[in-house]
Amino acid sequence: MSDFVLTETRDAIATLTLNRPDKLNALSYALIDRFLELLDLIETDEAIRVVILTGADDRAFSAGADIHEFSQSVARGADVAMRDFVMRGQRLTARLEAFPKPIIAAVNGLAFGGGCEITEAVPLAIASERASFAKPEINLGMPPTFGGTQRLSRLAGRKRALELLLTGDVFSPERAVELGLVNQVVAHDQLMPAARDLAGRILRHSPLAAASILRAVTRGLNQSIAEGLLIEGEQFARVAPTADLREGLDAWIARRKPAYPGSWSAKAAV
Ligand code: COA
């Protein structure tokens, strides 16, 4: 079971690889459950500060939910399908969206359905020039269920999202950049170096500050600006008494590089 998501940790970066290449890394229930377990472990592992997420082999990032499996849940009735399929998938994307350490999707190939929804949910994404994206659920006669009707419309705007949702058309990585779904497109062999480079540029900074920024943006995004500003202030108040902020300020004033105590505590910035 653990092989469904491969993990490798180096230089404070955990790389998670969705690993069902013969099924285009389709998101089976066991894969999702293992993925959630690993996120729990990573959250409390102080040695890990950034996560890179990719797909095994060159063809796919992920072709989405495992259709054979959830088709059986649907056959058992709406309540079963809601519990086993919809709630599980929504739990995964919500967890990725709110994760207190930066997650970078390195989209190595096709990202259809749930693969696209994972990309929508994570805070940062880089795509290979070979990546392709689609919201193909309408081909199956259903709406997306892992947040795909909600996050893309917030990212790209209602009409641009609806065109993709209602047609199921495949779109390019360049279009994904235009829509705000990915940050940049790179040559295929530069995908992991680009993701590690982005991770490295984040790792220079205080992990507590990174967590507070992730929280403020993700929580504030769907609130009024007034509520968002309250969340921003609350995040600052939590960081204010920490050694990280003292070090950041002292280092700037002394014109030296900051050396953060490294006392990562995801909970400290909650
Ligand atoms: N769920 C389960 N299995 C999947 C899958 C999915 N979402 N996507 C691909 N696979 C499996 C195929 O069943 C096939 O397995 P098999 O060789 O044991 O039959 C294998 O992965 C390769 O896929 P295949 O369809 O043969 O590749 P292709 O190049 O002909 O087509 C796609 C590629 C992506 C167009 C096609 O696989 C597809 O439409 N997948 C479903 C995408 C989707 O609708 N996702 C949203 C689900 S809600």
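Conventions we followed
For every chain, the first residue of the written sequence is number 1, and numbering continues from 1 onward in sequence order. Owing to the predicted nature of the model, reporting of local features is limited to residues with pLDDT of at least 70; listing and counting of side-chain atom pairs is limited to 80 or more, with chain, interface and lining totals taken over all residues. Note that water and hydrogens are dropped before the side-chain values are worked out from all heavy atoms of the structure. Only DSSP runs of H or I reaching four residues or more are called helices, and only runs of E reaching two or more are called strands; each is numbered from the N terminus. Computation of the radius of gyration draws on C-alpha atoms alone. For the globule rule, the value is 2.2 Å times the number of residues to the power 0.38. Any residue under 20% of the maximum accessible area for its type is buried, any over 50% is exposed, and the rest in between are partly exposed; the area is computed with a 1.4 Å probe on protein chains only. Exposure was quantified through the Shrake-Rupley algorithm and a 1.4 Å probe, taking into account, for residues, occlusion by the shown protein chains and nothing else. Charged residues are defined narrowly, with Lys and Arg counted positive, Asp and Glu counted negative, and His plus the chain ends left uncounted. A single reference atom marks each charge: NZ on Lys, CZ on Arg, CG on Asp, CD on Glu. Any Lys or Arg side-chain nitrogen located within 4 Å of an Asp or Glu carboxyl oxygen qualifies as a salt bridge. Side-chain atoms alone can form a polar contact between residues adjacent in sequence; in general such a contact is a pair of N or O atoms within 3.5 Å, and within protein one must be able to donate a hydrogen while the other accepts it. If a single non-hydrogen atom of a residue is within 4 Å of a molecule or strand, that residue counts as near it. The pairing criterion for strands is at least two bridges between them, as found by DSSP. Every angle, taken between N-to-C directions, lies between 0 and 180 degrees, and every axis is a line fitted to C-alpha atoms, over only the stretch in contact when it is a helix. Here, two residues are considered to be in contact whenever any of their heavy atoms come within 4.5 Å of each other. Throughout this description, any angle smaller than 35 degrees is read as roughly parallel, any larger than 145 degrees as roughly antiparallel, any in the 65 to 115 degree range as roughly perpendicular, and the remainder as oblique. Left-handed is the label given to a crossing in which the near helix is rotated counterclockwise from the far helix by less than a right angle, and right-handed is the label when the rotation is clockwise. The classification used treats Ala, Val, Leu, Ile, Met, Phe, Trp, Tyr, Cys and Pro as nonpolar, Asp, Glu, Lys and Arg as charged, and all other residues, Gly among them, as polar.

Asker: For this particular structure, what's the right way to read the overall build of the protein chain?
Answerer: Along its length, the protein chain carries 11 helices and 10 strands. Here the C-alpha atoms of the protein chain give a radius of gyration of 19 Å, agreeing with the 18 Å that 2.2 N^0.38 yields for 270 residues. The principal-axis extent of the C-alpha atoms belonging to the protein chain is close to 65 × 40 × 35 Å. Per-residue burial over the protein chain gives 50% buried out of 270 residues. Accessible surface computed for the protein chain: about 13,200 Å², of which carbon and sulfur atoms make up 55%. Between the centroid of the 31 positive side chains of the protein chain and the centroid of its 33 negative side chains there is a distance of 4 Å.

Asker: Would you mind going over the pattern of salt bridges with me for this structure?
Answerer: Where charged atoms of side chains with opposite charge meet at close range, the side chains can pair. In total, this model carries 16 salt bridges according to the counting rule given. Between Glu 37 and Arg 34 there is a salt bridge; the shortest N-O distance is 2.7 Å. Taken together, the residues Glu 37 and Arg 34, both in helix H1 (residues 29-43) and three residues apart, mark about one turn of the helix. By relative accessible area, Glu 37 is classed as partly exposed at 37%. Given a relative accessible area of 17%, Arg 34 falls into the buried group. Connected through shared salt-bridge partners, Asp 40, Glu 43 and Arg 95 make up one network.

Asker: I keep staring at the side chain of Glu 43 and nothing clicks. Help me out?
Answerer: Mapped onto the elements, Glu 43 comes out in helix H1. At 2.6 Å, the side chain of Glu 43 and the side chain of Arg 95 are in polar contact.

Asker: Help me out: how do you make sense of the site of the ligand in this one?
Answerer: Close contacts around the ligand come from 18 residues, with Lys 23, Arg 59, Ala 63, Ala 65 and Ile 67 the closest. Ala 63 places a polar main-chain atom, nitrogen or oxygen, 2.9 Å from a nitrogen atom of the ligand. Every element with two or more residues in the shell around the ligand is listed here: helix H2 (67-75) and strand S6 (110-112). Broken down by element, the residue count for the shell around the ligand peaks at three residues, all from H2.

Asker: I would appreciate a short explanation of the sheet that holds strand S2 (residues 13-18) in the present structure.
Answerer: Pairing between sheet strands relies on hydrogen bonds along the backbone, with the strands arranged either parallel or antiparallel. The six strands are arranged S1-S2-S3-S5-S7-S10 in an open sheet whose pairing can be described as mixed. For this open sheet the edge positions go to strand S1 (5-10) and strand S10 (184-186), each flanked by a neighbour on one side alone. Strand-to-strand, the axes of this sheet are offset by a mean angle of 20°, without reference to chain direction. Contacts from helix H8 (residues 191-203) reach S1, S2, strand S3 (50-55), strand S5 (103-107), strand S7 (124-128) and S10, with the element oriented near 160° to S7.

Asker: I keep staring at the sheet that holds strand S8 (residues 132-134) and nothing clicks. Help me out?
Answerer: Read across the sheet, four strands follow the order S4-S6-S8-S9 without closing on themselves; strand pairing throughout is mixed. Unpaired on one side and paired on the other, strand S4 (60-62) and strand S9 (170-171) mark the two borders of the sheet. Note that S6 and S8 share three bridges and pair parallel. Its bridge partner being in S8, Leu 110 is matched across the sheet by Ser 132.

Asker: What's the story with unusual backbone geometry in this structure? I'm lost.
Answerer: Peptide bonds are trans in most cases, and residues, glycine excluded, mostly fall at negative phi. In this structure, Asn 25 takes a positive phi of about 55° despite not being glycine. With respect to the secondary-structure elements, Asn 25 resides in the loop between S2 and H1.

Asker: It is not clear to me how the packing of H1 against helix H3 (residues 78-98) should be interpreted in this structure. Could you clarify?
Answerer: The relative placement of two packed helices is expressed as an angle between their axes plus a distance between the axes. Contact geometry of H1 with H3 gives a least axis separation of 10 Å together with a crossing angle of 30°. By the angle class used here, H1 and H3 are roughly parallel. With respect to the hand of their crossing, H1 and H3 are arranged in left-handed fashion. Facing Tyr 29, Ile 32, Asp 33, Phe 35, Leu 36, Leu 39, Asp 40 and Glu 43 of H1, the residues of H3 in contact are Asp 84, Phe 85, Arg 88, Arg 91, Leu 92, Arg 95 and Leu 96. Its residues placed into classes, the contact of H1 with H3 shows eight nonpolar, no polar and seven charged.

Asker: Mind showing me how you'd approach the pairing of S1 here?
Answerer: The two faces of the sheet receive side chains in turn, since in a regular strand these alternate between them. Where S1 meets S2, six bridges bridge the pair, whose relative direction is antiparallel. Its bridge partner being in S2, Arg 10 is matched across the sheet by Ile 13. The loop that links S1 with its antiparallel partner S2 comprises two residues; one of these, Asp 11, has a positive phi angle of about 50°.

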